[in-house]
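Examining the three-dimensional arrangement
Below, each chain spelled out in residue letters.
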Amino acid sequence: MPSLITTPPERADADPRPELAIHEGRVLLTGSRCGDCGYPQAVNPPRCPICGSHSIAPATFGPKGTVFSSTVLRIPVPDRTPPFTLAYVDVDEGPRILAHVDGPDEALVPGSEVVLSGWSEHGDPVVRRSGP
Amino acid sequence: MTGAGTAIWGVGTSAFGKQTSLGGPRLAWQATVEALDDAGLQASDIDAVYAGTVFGDPGTVTRCLQQIGIVEVPVITIENACASGTSAFHEARESVEMGRYERVLAFGIETMTAHFDGAISPIASDPDGAQGYAMPSIYGMSATRYKYEFGVTDEQMAEVAVKNRRHAMGNPRAQHHKTVTVEQVLGSRMVADPITLFQCCSIADAAAAAVVGPLGGSRDPSGEVAIRSSALRSGRLWDHTTDKVWGWDIVSDTAARAYEEAGVSVGDIDVFEVHDAFTIGEIITTEALGLCELGEGGRLVESGHTSLGGLQPVNPSGGLLSRGHPLGATGLAQIAEIVWQLRDMAADRQVPGARLGAVETMGGGTAGIDGNACVVTVLEQVG
Ligand SMILES: [Zn+2]
């Protein structure tokens, strides 16, 4: 991945990607948590998909997380230059999100510890390995 | 709801391949006329059409079917990602089962080379797609997880491609007619680690069709294939609470429903056509269908159980890895293959004595859910 951006890029309201924000110097995932069942999401819908509750409150998650799985995409997709590394990350106490990985072009081993670290040049959420 | 039952009266397909110059209507005519002839029907006998297409332009289905005389009937087009064709089949069967229509055309078409040079572009409005998450990377994720969690090997994944390409040598309508070795599969270029090019289905242009009607109602009921069951559903939420790879539960849940409705267990089924868009997909699917335990899918393909000549062949047609994957047409091509198998018409790729067959198609591309749609249907020889 060519460059990591550490200040929040401009973001369109309709941007469907997980939204990161900087709080007290840390990069966190924004979203919501159900006030009744505790279900966390990277979005903030009017009802909980698990229990139906209306009491959904904004929440932040992270910055740490654990890799569920990872891959390196090596074929071109519109507007992007391959290869780039991707991972599904279970953000601590939070939801599972897809993120780009800042590091060498190799898939992370599932179970690896990562930390939310900023944005790609395209505005994607980015993680990097935090453990050994 | 269940009356005397429903059956497939006839099936047809075009050839599968990159055939941009043919265009949609000619592909559709080949598939539909073959299915009508097979069913002993005229176009004017068709009461309704359920069709599956994903990338087709607005009006694709009526544009394709009008010149062969399928007009003045309800035409309903369904988009359910890779399962669009089988979703159309499911609804066609349901409509006959409920007595809404009698002779229904289930139809699927895709002219992918008109839209893509290579892989399908990621969906920009999707949380994952907007990050450049192309389809091969979804399966790359599953393969990475399977290597880590179950010790599935690259060779076992490659074996799926080797097997299905070998099967396709007996299928004149497949896109690929060349066997490959494990070494060739693993030596082809890396697409989405650890998935290599020969482990990915190609894009294709094709159409496929089936005529569905009441069981025993066609001119030659001995050629009918009974639809014992069909199940269609979207996935559960796929989130931080699951350790299953994407797509496992939806296939397992849908298959359980289809087996229950048919009153069969997986061991009763002689032949399968399943969604092998990528090699790891077939490994996951055979587990989720119950052909083996969770985590044993790599060893299952290695054992030969799912090869032609094995106890329960999977993808005797060569599957998506050999046909290519024209999304709307794929499901109905799978249906056609099982119909030919159950009628003992599959020639060099025939599973001897097959009486019960199953089709599974699973479509994705939506973040956060364990599949947009899955269809599993159980078919039985009548005669
Ligand atoms: Zn809740």
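What you are looking at is a predicted structure, and each value in this text was computed from that prediction instead of being measured. (Residues numbered from 1 in each chain as written. Chains lettered and ligands numbered in written order. Predicted model: local features only at pLDDT ≥ 70, side-chain atom pairs only at ≥ 80, totals over all residues. Heavy atoms only, no water.)

1. A few points about the packing of aromatic side chains
The full count for this structure, using the stated rule, is seven aromatic pairs over all chains. Ring plane angle 80° and centroid distance 5.6 Å describe the contact between A:Phe68 and B:Trp238, whose orientation is recorded as edge-to-face. Taken together, the residues span two chains, with A:Phe68 in strand β5 (residues 64-73) and B:Trp238 in the loop between β8 (225-233) and α7 (248-262). You'll find A:Phe68 and B:Trp238 in the same group, each marked buried. One cation-aromatic arrangement involves A:Arg96 over B:Trp238; the distance from NZ or CZ to the ring centre is 4.6 Å. (Phe/Tyr/Trp six-rings, centres within 6.5 Å; stacked < 30°, edge-to-face > 60°. Helix = DSSP H or I, 4+ residues; strand = E, 2+ residues; numbered from the N terminus. Buried < 20%, exposed > 50% of the residue type's maximum accessible area, 1.4 Å probe, protein only. Lys NZ or Arg CZ within 6 Å of the ring centre and 35° of its normal.)

2. Description of the coordination of the zinc ion
Each protein donor to the zinc ion is listed here as A:Cys34 (SG), A:Cys37 (SG), A:Cys48 (SG) and A:Cys51 (SG); together their distances run 2.2 to 2.4 Å. What the four donor atoms of the zinc ion show is an angle range of 101 to 117° at the metal, which sorts the shape as tetrahedral. (Donors = N, O, S within 2.8 Å, 3.2 Å for Na, K, Ca; no water. Tetrahedral: all angles 85-135°; square planar, octahedral: opposite > 155°, others 65-115°.)

3. Describing the sheet that holds strand β7 (residues 205-214) of chain B
Residue and element names in this part refer to chain B. Read from one edge of the open sheet, nine strands run β3-β2-β4-β7-β1-β8-β11-β10-β9, paired in mixed fashion. Each having just a single partner strand, β3 (75-78) and β9 (271-273) make up the two edges of the open sheet. Geometrically, the sheet is characterised by an average inter-axis angle of 25° between neighbouring strands, direction not taken into account. Pairing of strand β1 (residues 6-13) with β7 involves seven bridges; the strand directions are antiparallel. By the bridge assignment, Val-11 is partnered in β7 with Ala-210. Contacts between helix α1 (residues 23-39) and the sheet are confined to β1, β4 (104-111) and β7, with β1 contributing the most and set at about 135° to the helix. (Pairing = 2+ DSSP bridges. Axes fitted to C-alpha atoms, helices over the stretch in contact; angles between N-to-C directions. Contact = heavy atoms within 4.5 Å.)

4. A word on the nonpolar core
Residues and elements named next belong to chain B. Among the nonpolar cores identified, the biggest contains 66 residues, and Tyr-146, Tyr-259, Phe-272, Ile-280 and Leu-289 are the most heavily contacted of them. Considering each element in turn, this core owes the most residues, seven residues, to α7. Filtering out sequence-adjacent residues up to four positions away, Phe-272 remains in contact with Tyr-259, Val-266, Leu-289, Leu-291, Gln-312, Pro-313, Val-314, Asn-315, Pro-316, Ile-338 and Ala-358. In terms of nonpolar packing, the next biggest core, distinct from the first, is built from 33 residues, Tyr-50, Ala-88, Ala-92 and Val-96 among them. (Core = buried A, V, L, I, M, F, W, Y, C linked by side-chain atoms within 4.5 Å.)

5. Side note on the interface of chain B and chain A
Contacts between the two partners involve 33 residues from chain B, matched on the other side by 36 residues from chain A. Taking both sides of the interface into account, the surface hidden between chain B and chain A amounts to around 2700 Å²; carbon and sulfur atoms contribute 64%. Run the count over chain B and chain A and you get one salt bridge. Taking the shortest distance from any N to any O, the salt bridge between A:Arg74 and B:Asp193 comes out at 2.7 Å. Counting across the interface, chain B meets chain A through 16 residue pairs in polar contact (both at pLDDT 80 or more). Of all the secondary structure elements, the ones that give two or more residues to the side of chain B that touches chain A are α4 (135-150) and β5 (190-192) of chain B. Here the element with the most residues in the side of chain B that touches chain A is α4(B); it accounts for seven residues. When grouped by side-chain class, the residues that make up the side of chain B that touches chain A number 16 nonpolar, nine polar and eight charged. (Buried area = accessible area lost by both parts, 1.4 Å probe. Salt bridge = Lys/Arg side-chain N within 4 Å of Asp/Glu carboxyl O. Polar contact = N/O pair within 3.5 Å; in protein donor to acceptor, adjacent residues only side chain to side chain. Nonpolar A, V, L, I, M, F, W, Y, C, P; charged D, E, K, R; others polar.)

6. Looking at the domain arrangement of chain B
Accessible area lost upon the coming together of the parts serves often as the stated size of an interface. Residues and elements named next belong to chain B. Each assigned domain of chain B is listed here: domain 1 (6-116 + 204-224) and domain 2 (129-202 + 229-381). Just the C-alpha atoms count here: the centres of domain 1 and domain 2 sit 23 Å apart. On the domain 2 side, the residues contacting the 42 residues of domain 1 number 35 residues. Both faces considered, domain 1 and domain 2 share a buried interface measuring about 2900 Å² in area, 66% of it formed by carbon and sulfur atoms. When the buried surface of domain 1 facing domain 2 is broken down by residue, Phe-16, Cys-82 and Thr-86 rank first, second and third, together holding 25% of it. Counting every contact that joins domain 1 to domain 2 gives three salt bridges. Put simply, Arg-93 and Glu-261 hold a salt bridge, and the shortest N to O gap is 2.8 Å. The interface formed by domain 1 and domain 2 holds twelve residue pairs in polar contact (both at pLDDT 80 or more) in total. (Domains from an automatic or database assignment.)

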